[in-house]
Amino acid sequence: MSRFAVQGGHVITHARSVLKDHYVIVEDSTISAITADLPPDITSVLGGPQDIVMPGLINTHTHAPMTLFRGMADDLPLMTWLQDYIFPAEAKHVNRDFVYVGSLLAAWEMTRSGTTAFCDGYFYEDEVGRAAKEVGIRAWIGEGILQFPTPSLKDPKRTIDHNRSFIERWKDDRLVRPTVFPHAAYTCTPAILSAAYALAEEYDLAFQIHLSETASEVEQVRRDHSMSPVELLDSLGCLSERTLAAHCVVLSEAEIDLLAKRKVSVSHNAESNMKLASGIAPVPRMIEAGVNVSVGTDGCASNNNLDIISEISTVAKLHKITCMDPTVLDECTALAMVTRNGARALGFAGGVLEPGRPADITVLDGKAPNMVPVHNPVSHVIYAATGGNVKDVVIDGKVVVKDYRSLTVDEDALIRECRSIQQHISRG
Ligand SMILES: [Zn+2]
């Protein structure tokens, strides 16, 4: 049995509870106790008396392999960016090896910046799962379902069968969970959406989808189906507690109430929406209506990093300015979005430090200049820290990052591989 302690000058057990000078005791994959005194038989201690210990952070919307497209096409509207740059680059370069290396890079970046679980959707997602397991990060993965040929499936008529075999391969894994991921209401026919949702129900999995990301998407779905994307999904019975809807930028008041009523979780992707000028999701209104709002970075081609601490800092400030009210989205609400709410969106027991919960723990360096002094550690997580302050990370009871070094990634070899793929992309 593995047994060790994680020490913090401040231990944030959840957004509204901070313990001073405590140890989180990890036994195998679980938190066994949180105590003020170090049990005498424990000799292995991570963290330190000045550090901030908190639940591992959860990123609920990513496209991990796209990390290799970081910085390839910037400053463009969503449809131009997608159709003139991303789709052609994907058609040309995305294969199993690209997805595997890109996902290793993403998992390395995420673990180094404090993320312990992420929800991903792309193609060749088996490779995302393989990379996640290798790095030791928890992942919810979804093989993209579209009405068009994709890099991993030439015949769209086979998309549901293709997904079924994908789910069968992953359904019993403890670290990587399959999901069902139809890309969006404008890229899937109603028949495909219904079949995808039935598949999620059959295997009791999360159903993730891009929803109402831009005004043009909403107009296109209205033109094709005489309904908004939210109305279309609801008419097909695709909105429920298992639905994780990414973006939700363009919503009416009635649609917000409907998402709350159907218990849909939302992944808010503020920086991606800002960068593509898609708009600002009505997050304070969704929270007020009772929607479970979590946070995602989206893919690196539209962010351009996977630093969830920087993302939540942006989120907390963005909505203050849209509401012209500094009390909106306070630090506790913001912290819950990247911990407990993310866990709830994925049906996961983490997001809180408590005996019996999964041992997913992030440690921030209390000796970094931007972390001194500590009046309020939750404030530091939201307003002072960046992912660069993450010192140690434990996932599923295993130390994945220690003293800023990844223990599971050959960092130099990975950088070399990523550079070689970048050179290949540059040659066209
Ligand atoms: Zn996305």
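See the structure printed just above.
Just so it is clear, the model here is predicted, and its values are computed rather than measured.

(A) Layout of the coordination of the zinc ion. Protein coordination at the zinc ion: the donors are His61 (NE2), His63 (NE2), His210 (NE2) and Asp298 (OD), at 2.1 to 2.5 Å from the metal. Between the four donor atoms coordinating the zinc ion, the angles at the centre fall across 86 to 172 degrees, so the site counts as irregular. Read in sequence order, the donor residues for the zinc ion give the motif H-x1-H-x146-H-x87-D. Of the two residues, His61 is situated in strand β5 (residues 57-62) and Asp298 in the loop between β12 (292-295) and α11 (308-323); the sequence distance between them amounts to 237 residues. Judged by relative accessible area, His61 falls into the buried class, the value being 2%.

(B) Structural detail: the pattern of salt bridges. Applying the stated criterion to the full structure yields 24 salt bridges. Across the pair Glu411 and Arg112 runs a salt bridge, and its minimum N-O distance is 3.3 Å. Taken together, the positions of Glu411 in helix α15 (residues 411-427) and Arg112 in helix α2 (residues 96-112) put the pair 299 residues apart, joining distant regions of the chain. Classification of Arg112 by relative accessible area gives partly exposed; the value is 27%. The salt bridge partner of Lys171 is Glu168, with a shortest N-O separation of 3.6 Å. A single salt-bridge network, built from bridges that share partners, covers Arg138, Arg174, Asp360 and Asp396.

(C) Broad picture of the packing of α2 against α15. Contact pair α2 / α15: the axes reach a minimum separation of 10 Å and the direction vectors enclose 130 degrees. When the axis of α2 is compared with that of α15, the two are oblique. With respect to the hand of their crossing, α2 and α15 are arranged in left-handed fashion. Contacts between α2 and α15 involve Phe98, Val101, Leu104, Leu105, Trp108 and Arg112 from the first element and Glu411, Leu414, Ile415, Glu417, Cys418, Ile421 and Ile425 from the second. When the residues that make up the contact of α2 with α15 are grouped by side-chain class, the tally is ten nonpolar, no polar and three charged.

(D) Looking closely at unusual backbone geometry. Each neighbour pair has its own omega, and for Asn303 with Asn304 the value is 10 degrees, a cis peptide bond. In this structure, Asn304 sits in the loop between β12 and α11. Even without being glycine, Asp21 reaches a positive phi, approximately 50 degrees. Of note in this structure, Tyr124 is not a glycine but carries a positive phi near 55 degrees. Along the polypeptide, Tyr124 turns up in the loop between β6 (115-122) and α3 (125-135).

(E) Quick look at the nonpolar core. Ranked by internal contacts, the top residues of the largest apolar core, which has 119 residues, are Phe69, Trp81, Val180, Leu259, Met286, Leu335 and Leu364. Here this core takes ten residues from α2, the largest share from any one element. Both of domain 1 (3-56 + 360-406) and domain 2 (59-346) provide at least three residues apiece to this core. Residues contacting Leu259, with those up to four places away along its chain left out, are Leu211, Val230, Leu239, Cys248, Leu251, Val264, Val266 and Val291. Counting residues in hydrophobic clusters, the runner-up holds 13 residues, among them Val11, Leu353, Ala359 and Val363.

Rules used throughout
- Residues numbered from 1 in each chain as written.
- Predicted model: local features only at pLDDT ≥ 70, side-chain atom pairs only at ≥ 80, totals over all residues.
- Heavy atoms only, no water.
- Donors = N, O, S within 2.8 Å, 3.2 Å for Na, K, Ca; no water.
- Tetrahedral: all angles 85-135°; square planar, octahedral: opposite > 155°, others 65-115°.
- Helix = DSSP H or I, 4+ residues; strand = E, 2+ residues; numbered from the N terminus.
- Buried < 20%, exposed > 50% of the residue type's maximum accessible area, 1.4 Å probe, protein only.
- Salt bridge = Lys/Arg side-chain N within 4 Å of Asp/Glu carboxyl O.
- Axes fitted to C-alpha atoms, helices over the stretch in contact; angles between N-to-C directions.
- Parallel < 35°, antiparallel > 145°, perpendicular 65-115°, else oblique.
- Left-handed = near helix turned anticlockwise from the far one by under 90°.
- Contact = heavy atoms within 4.5 Å.
- Nonpolar A, V, L, I, M, F, W, Y, C, P; charged D, E, K, R; others polar.
- Core = buried A, V, L, I, M, F, W, Y, C linked by side-chain atoms within 4.5 Å.
- Domains from an automatic or database assignment.

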